[in-house]
Amino acid sequence: MPFQYKTVEAGGKVDAIIKTGNKAVYPIIFPSDYSGLGSINCYVYQNGEDYTLIDAGIKNEGFEQFFYRKLKEYNIEINQITGIILTHFHNDHIGIVNQIANEYPIPVYASEIAIPRLKCEDDYLQQKLSFYYDLYEQYGVPEFARERMAKMENTLQNKEQVMIYPPIMKLEDGQAIGGLRVMTAPGHSPDSICLFDEETGWLFAGDFLLATGMTNALIDHDESGNVTNPISKYIDSIEKMKAYNVRTVFAGHKEIYENLNEVMEKSLSKIEYKLQKVVSKIGEGNHTAKQLGDAIYGARFAKYFTFIISEIIGLTLLAEQRGLIERELRGGDWCFSVTSLIDQ
């Protein structure tokens, strides 16, 4: 059934309800400069009499007030929400889960990979800390990572301030829940999922792809503590998504949009462009992560270290996977050399 909707720019005063049949989406678009993304978005999804909150914003008084004001505008009582689904574990998607759960018992769902992260389990936090200390040492950039590592140490010592307290039920790829199909979509984070309504073509995408394209592909580790390549996983997730007839994307930031196929193709092209650039810079004599950071990003490398080092690591791993470069440890640091040039 066709429907009308209004794209909501960050800061817009009116958020349109999207309806078709007995289903509806109530957007909660919170204007925010968080990470320069313009807004933090979550959605109430209605399927008949069931209301599901998809993501839960950020933990601050401004968002909490905005959230409850939007529910009132939509004539939704908080106790009408029958479940919360989290697309991934990042703090701008889980903010008021504990506050809602304190008001009344409500089931919370996330991917299995997300649960130890959301619960701030000691084993996970210790493994994470060791992983990143070793990773940044091996890539020769520990001096740039001090602020991030201090934050991780603080989380380990004060996890009760950030952990999710209510029980979390795991979601699996392909699982049906409340009219939605769970789709694992790692790349931005290893635990990322999307939720797809096959009847309407609605995709609740979290940070999978925004209207502007890919979000940061953040380097992470698997359950064994081994590095995973977020860019390779991003490519796989995009290719997987092409099989679905998505009409409307409800993203975790920025606008609601309808041109997913175009966004996917642009994102894949951007990866290939960046890959070519990295290989080219290695060929010019930039053999370490720091040299690549300085050559490609300049002063931004230090300012946006967490994001840029993830991109450099992901692109070099992808280049190695494709046989374009080799890497070897020299003096304890990874160094890169070109084996083949990408066709121009």
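Anything mentioned here points back to the structure above.
The rules behind the values
Residues numbered from 1 in each chain as written. Predicted model: local features only at pLDDT ≥ 70, side-chain atom pairs only at ≥ 80, totals over all residues. Heavy atoms only, no water. Phe/Tyr/Trp six-rings, centres within 6.5 Å; stacked < 30°, edge-to-face > 60°. Helix = DSSP H or I, 4+ residues; strand = E, 2+ residues; numbered from the N terminus. Buried < 20%, exposed > 50% of the residue type's maximum accessible area, 1.4 Å probe, protein only. Lys NZ or Arg CZ within 6 Å of the ring centre and 35° of its normal. Core = buried A, V, L, I, M, F, W, Y, C linked by side-chain atoms within 4.5 Å. Contact = heavy atoms within 4.5 Å.

Trainee: Teacher, can you tell me more about the packing of aromatic side chains here?
Mentor: What characterises a pair of aromatic rings is the spacing of the ring centres plus the angle enclosed by the ring planes. Under the counting rule described, the total for this entry stands at 21 aromatic pairs. Ring centres of Tyr45 and Phe204 lie 5.5 Å apart, and the angle between their planes is 75°; on these two criteria the pair is classed as edge-to-face. Highlighted residues: Tyr45 in strand β3 (residues 39-47) and Phe204 in strand β11 (residues 202-206), separated in sequence by 159 residues. Each of the two residues, Tyr45 as well as Phe204, counts as buried. Taken together through their ring pairs, the aromatic side chains of Phe131, Tyr132, Tyr136, Phe144, Phe301 and Phe305 make up a single cluster. One residue, Arg117, lies across the ring of Phe89, its end atom 5.6 Å from the ring centre. In this arrangement the basic side chain of Arg148 is found over the ring face of Tyr132, its NZ or CZ atom lying 4.3 Å from the centre.

Trainee: What is the right way to read the nonpolar core from this model?
Mentor: In a soluble, globular protein the nonpolar side chains are often hidden away together inside. Among the nonpolar cores identified, the biggest contains 99 residues, and Phe67 and Leu203 are the most heavily contacted of them. Setting aside anything within four residues of it in sequence, one finds Leu203 in contact with Met183, Cys194, Leu195, Phe196, Met241, Val246, Thr248, Val249, Phe250 and Leu260. Ranked by size, the runner-up nonpolar core spans 18 residues in total, among them Ile54, Ile85, Ile177 and Leu180.

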